[in-house]
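Coordinate inspection notes
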Amino acid sequence: PVNTGAINGVAAHFTPTFTETSVTVGFTPFGFQPGLNMTQQVDINAGTAPECTLNSPEGCAVAPNGDIYISDNASGDEKILVFDSNGNFVSQFGATGSGPGQLDDPRGIVVAPNGEILVIENDNRRVQVFSAAGTSLLTFGTADDTAPYSDGSFDDPLDLSLLANGDIAVVD
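What you see is a predicted model, and the numbers here were worked out from it, not measured in a lab. (Residues numbered from 1 in each chain as written. Predicted model: local features only at pLDDT ≥ 70, side-chain atom pairs only at ≥ 80, totals over all residues. Heavy atoms only, no water.)

What follows deals with the sheet that holds strand β6 (residues 68-72). Read from one edge of the open sheet, four strands run β5-β6-β7-β8, paired in antiparallel fashion. Unpaired on one side and paired on the other, β5 (57-62) and β8 (89-93) mark the two borders of the sheet. Taken pair by pair, the neighbouring strands of this sheet meet at an average axis angle of 20°, ignoring direction. (Pairing = 2+ DSSP bridges. Helix = DSSP H or I, 4+ residues; strand = E, 2+ residues; numbered from the N terminus. Axes fitted to C-alpha atoms, helices over the stretch in contact; angles between N-to-C directions.)

Further remarks concern the nonpolar core. Of all hydrophobic cores here, the largest spans twelve residues; its members are A61, A63, Y69, I80, V82, F93, L103, I109, V111, I117, V119 and F130. If you list the elements that add at least two residues to this core, you get β7 (79-83), β11 (106-111) and β12 (117-121). In contact with A63, other than residues within four places in its own chain, are Y69 and V111. Within the second largest apolar cluster, eight residues are counted, among which are L118, V127, F154 and L160. (Core = buried A, V, L, I, M, F, W, Y, C linked by side-chain atoms within 4.5 Å. Buried < 20%, exposed > 50% of the residue type's maximum accessible area, 1.4 Å probe, protein only. Contact = heavy atoms within 4.5 Å.)

To continue, consider the pattern of salt bridges. Tallying each qualifying case throughout the model produces four salt bridges. Between R107 and D105 there is a salt bridge, and its shortest N-O distance comes to 2.9 Å. Here E121 makes a salt bridge to R126, at a shortest N to O gap of 2.7 Å. For E121, a relative accessible area of 0% translates into the label buried. (Salt bridge = Lys/Arg side-chain N within 4 Å of Asp/Glu carboxyl O.)

Let us now look at the side chain of N73. Relative to the helices and strands, N73 is located in the loop between β6 and β7. Given a relative accessible area of 12%, N73 falls into the buried group. A polar atom in the side chain of N73 sits 2.7 Å from the side chain of D105. Apart from the residues lying within four places of it in its own chain, the contact partners of N73 are S56, E58, E78, D105, P106 and R107. (Polar contact = N/O pair within 3.5 Å; in protein donor to acceptor, adjacent residues only side chain to side chain.)

Right, let's talk about the pairing of β6 for a bit. By the criterion of burial, β6 is predominantly enclosed, with five of the five residues buried. Here β6 shows a buried face lined by I68, I70 and D72 and a second buried face lined by Y69 and S71. Both β5 and β6 contribute to a ladder of five bridges, which runs antiparallel. Note on β6: the bridge partner recorded for P57 is D72. Across five bridges, β6 lies against β7 in antiparallel orientation. Among the inter-strand pairings, D72 is bridged to a residue of β7, identified as K79.

And the structure:
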């Protein structure tokens, strides 16, 4: 899927590059944009505060307002971290577990046009939808280890994408 977001209010493709403890997000504007006609980068390093440490960043999404969401799937410390468009830590949500609002091996992440955040969880084998504030709104999907797989079930979900018509495509 093509990742899109905005930088300085200009629509752009974005490409995250992950290291063990940091993320660099490169933005390339659509078409010609005066002053933005080359790739710009936002370096994200969560710093030393324990509540915002990146342990194992896995997925990245950019909201329409430019906020950057990163899924961090370090065992025992699963969470979603939120940064502003300059890479400054804003907040985090989620905790390790299988209940609403909890995460287990979060991987792919997308932000819908309405600001809702969709996260694919590999070990919980589900998609969880959060409000922009990080409140769990709903989950869907079930675990299924036996082929042929039933509709709505996941075996090893790794990523997801929001299609132009509003459908959700899951890579399983």
